[in-house]
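So the chains spell out like this:
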Amino acid sequence: MLCGLCFASLASLQQARAEIDWTGSLALTSHYIQQGLSQTRGAPALQGGLRATLDERWSVGAWASSIDRYRGSGGDMEIDLYVGRAWRIAPAWIASLTATHYFYPDDPRYDHDEISASLGYRSMLFATVTWAPNYVDFSYRGLAADRSALSYELSASQPVLGGWSGNVGVGYRDLGDLFDERYWYGHAGVMLAARNFTLHLTYTYVDHAARRLFGRERADIAWSGTIIWRFGVGD
């Protein structure tokens, strides 16, 4: 359903091509980590995306990454199709709602949908709630499919000097419907922005409950580095 919504939104935006801001990105990361869990078991990943933004409200896009989450299965590529809507509720406050379809071409049993709601203050402080109604994952307790998963995250970013900024975040993930477990994760790091490139260095923490459930290959305290090139399309 969400996949169809993304394509329908992209088609409608295509008709108003002159008003669309098209942007893209290519990235290399030493370790792809999402909500505290490794998607590559400590290995590097290639990533890229394309995004279409119409005024300050609607956006639609696609993003892809190489992955290696499980030994022997789970596919080697993740493709995310998304559509988002933003509201400026006050001069310093922005709320957003994003619907995403996660697609795994080599192993579609892991395909699922996600809805994320976020509230941001001056592009510096963010609170996000994410719900997946049909989440699928594999742990030491086996495969759990078509279950509900929730996560909550607070994050902050602060410019420091020149193109440097610091960021920190903490999250809580509820996998009670899948594995009767919940875990905490957090991250802190620095970012350097220069022209069209950004460089991230991030330290990620995940608690013992996650390590007990997924093992240290997927749930470990780790450093990661990422370089991203962002570009305009059709400039």
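Now for a quick tour of the structure. (Residues numbered from 1 in each chain as written. Predicted model: local features only at pLDDT ≥ 70, side-chain atom pairs only at ≥ 80, totals over all residues. Heavy atoms only, no water.)

Counting across every chain of the model gives 11 salt bridges. A salt bridge links Arg212 to Glu181, with the nearest nitrogen and oxygen atoms 3.1 Å apart. Here Glu181 lies in strand β12 (residues 181-194) and Arg212 lies in helix α3 (residues 208-214), a separation of 31 residues in the sequence. One salt-bridge network, in which partners are shared between bridges, spans Arg41, Asp68, Arg71 and Glu217. (Salt bridge = Lys/Arg side-chain N within 4 Å of Asp/Glu carboxyl O. Helix = DSSP H or I, 4+ residues; strand = E, 2+ residues; numbered from the N terminus.)

Ranked by size, the top nonpolar core spans 16 residues in total, and within it Leu175, Leu178, Phe179, Tyr183 and Phe214 carry the most contacts. When contributions to this core are tallied by element, the ones reaching two or more residues are β9 (125-139), β10 (142-161), α2 (176-179), β12 and α3. The dominant element in this core, judged by the number of residues it contributes, is α3, at 4 residues. Apart from the residues lying within four places of it in its own chain, the contact partners of Leu175 are Ala149, Asp180, Glu181, Arg182, Tyr183, Leu213 and Phe214. Counting 8 residues, the second-largest nonpolar core is a separate cluster that includes Ile67, Tyr102, Tyr104 and Tyr110. (Core = buried A, V, L, I, M, F, W, Y, C linked by side-chain atoms within 4.5 Å. Buried < 20%, exposed > 50% of the residue type's maximum accessible area, 1.4 Å probe, protein only. Contact = heavy atoms within 4.5 Å.)

Time to look at empty space enclosed by the protein. In total, this model carries 3 cavities of 30 Å³ or more according to the counting rule given. When its volume is computed, the largest cavity comes out at roughly 90 Å³. If you go around the largest cavity, the residues you meet are Gln34, Gln35, Leu37, Gln39, Arg69, Tyr102, Tyr104, His112, Glu114, Tyr135, Arg173 and Arg218. Each residue belonging to the lining of the largest cavity can be placed in one class, and the counts come to 4 nonpolar, 4 polar and 4 charged. Size it by volume and the second largest cavity reaches roughly 50 Å³. Around the second largest cavity, the lining residues are Gln35, Glu114, Thr130, Trp131, Ala132, Ala149, Leu150, Ser151 and Arg173. (1 Å grid on protein atoms, 1.4 Å probe; cavity = no way out; pocket = protein on both sides within 12 Å on 5 of 7 lines; lining within 4 Å. Points joined across faces, edges and corners; volume = space filled by probe spheres on them. Nonpolar A, V, L, I, M, F, W, Y, C, P; charged D, E, K, R; others polar.)

What follows deals with the environment of Ala210. Position of Ala210 relative to the elements: it lies in helix α3. Classification of Ala210 as buried rests on a relative accessible area of 0%. Ignoring sequence-local partners within four residues, the contact set of Ala210 consists of Tyr183, Gly215 and Ala219.

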